[in-house]
Amino acid sequence: MLDYYYNINHKKDFERLFAQFYIGQQPTKMANQYLILKLDFSQIETETYEKTYNGFTTNVRFGVESFYGRYPQFFTKEDIERLQKYDNPSAILQDVINQVERKTSHKIYLLIDEYDHFANEILSFRYDEFLNIVGRNGFVRKFYETIKVGTQKAVIDRLFVTGVSPITLDSLTSGFNIATNISSRPELNEMIGFTEEEVIDILKGIEIPNADLDHVLDEMRDWYNAINLVLIQKNEFITRIWFYILQGNIFIVENIQRSYSTQILRVITIKFGSLLK
């Protein structure tokens, strides 16, 4: 959603994607103004230090290669080929910062998914190695220090990082002290999943029979009513698990599927609007 909202490449699609929703009717001034750099650290092997390092580096290289390829109006095949000479993630990221600064006035919106997936695995079994990779000369710390430099140079303007816990970022100390953990903000608590009211709204919108509604809700309350990041706020149904159970429910039939995506997208875009404010 952040990609489509902020990416300059999707400007022509903005009305089609968002016009019927609040965030399309009240767009922020930065809508479709960014170059989107996406990184995903969820598929890194952690059996050894070498595998972790190589996997991290490969993921960063792949992300930057994709970034250059998405914006041929600014970057060339030579930019992509040049990345092969770098053997560490910080150098790869520094390359993209330098090229964006030199070739365009557009800024980077950096999206990192599963930022701590590999680190949590190491933390669980090899604590000394975890301290090594996030320590003063560790490759993870150096990578995030480079992000910090990118923000200081006003090339990386925004970043949105998702993960399981803030432990890894906290361990970077001054190497990455520019981030703010927003997970426990009361006003954002209901973004993470669906409230029960929203679940009922979606179920009714996709025509779950009224006679079956209470039964479906009871099952979901028992098994999937799990998230409460701020104790004074409402619990949240875990979004992905909720999708799975809904799609597998015996009451979902073919004629319902047509309205499924639209109804859920309506609820998601309402939530998304609170992040943009």
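Residues numbered from 1 in each chain as written. Predicted model: local features only at pLDDT ≥ 70, side-chain atom pairs only at ≥ 80, totals over all residues. Heavy atoms only, no water.

### Describing the pairing of strand 2 (residues 107-113)
Definition in use: Accessible area is worked out with a 1.4 Å probe on protein chains only. A residue is then buried under 20% of its type maximum, exposed over 50%, and partly exposed in between. A run of H or I in DSSP becomes a helix once it reaches four residues, and a run of E becomes a strand once it reaches two; helices and strands are each numbered from the N terminus. What makes two strands pair is DSSP finding at least two bridges between them.
Counting buried residues along strand 2, five of its seven residues qualify, which places the element largely inside the surrounding structure. Sheet topology note: the strand 1 (residues 34-40)/strand 2 ladder contains seven bridges and is parallel. Within strand 2, the residue paired with leucine 37 across the bridge is leucine 110.

### Here we look at the side chain of glutamine 99
In plain terms, the rule: Identification of polar contacts relies on pairs of N or O atoms within 3.5 Å, with a donor-acceptor requirement for protein atoms, meaning one able to donate a hydrogen and the other able to accept it, and with residues adjacent in sequence counted only if both atoms are side-chain atoms. Contacts between residues were defined by any pair of non-hydrogen atoms, one from each residue, lying within 4.5 Å.
Among the secondary structure elements, glutamine 99 is positioned in helix 6 (residues 89-103). Taking relative accessible area as the criterion, glutamine 99 reaches 9% and is therefore assigned buried. A polar contact of 2.9 Å, which involves the side chain of glutamine 99, links it to the side chain of arginine 102. Leave out the neighbours within four places in its chain, and glutamine 99 touches Tyr68, Phe75, Asp79 and Arg82.

### Considerations on the packing of helix 7 (residues 117-125) against helix 8 (residues 127-134)
Here is the rule: Only the contacting stretch of a helix is used when fitting its axis, a line to C-alpha atoms as for every element, and angles between N-to-C directions run 0 to 180 degrees. The labels follow the angle: roughly parallel below 35 degrees, roughly antiparallel above 145, roughly perpendicular from 65 to 115, and oblique for the rest. Under this grouping Gly is polar, as are all residues other than the nonpolar Ala, Val, Leu, Ile, Met, Phe, Trp, Tyr, Cys and Pro and the charged Asp, Glu, Lys and Arg.
Between helix 7 and helix 8, the shortest axis-to-axis distance is 6 Å and the interhelical angle comes to 140 degrees. Classified by the interaxial angle, the pair formed by helix 7 and helix 8 is oblique. Across the interface between the two elements, Phe118, Ala119, Ile122, Leu123 and Phe125 of helix 7 pack against Tyr127, Glu129, Phe130 and Ile133 of helix 8. A per-class count over the contact of helix 7 with helix 8 returns eight nonpolar, no polar and one charged.

### Description of the packing of aromatic side chains
What counts is decided by this rule: In this scheme Phe, Tyr and Trp rings, the latter by its six-membered ring, pair at centre separations within 6.5 Å, and the angle between planes marks the pair as stacked below 30 degrees, edge-to-face above 60, and tilted otherwise.
Enumeration according to the criterion identifies 22 aromatic pairs in this entry. Considering the side-chain rings of tyrosine 6 and tyrosine 34, the 5.7 Å spacing of their centres and the 75 degrees angle between planes classify their relative orientation as edge-to-face. Remark: tyrosine 34 occurs in strand 1 and tyrosine 6 occurs in helix 1 (residues 2-6); sequence separation between them is 28 residues. Look at phenylalanine 67 and tyrosine 68: their rings are 6.0 Å apart centre to centre, the planes differ by 55 degrees, and that puts the pair in the tilted class. Comparing phenylalanine 67 with tyrosine 68 shows no difference in burial state: the two are buried.

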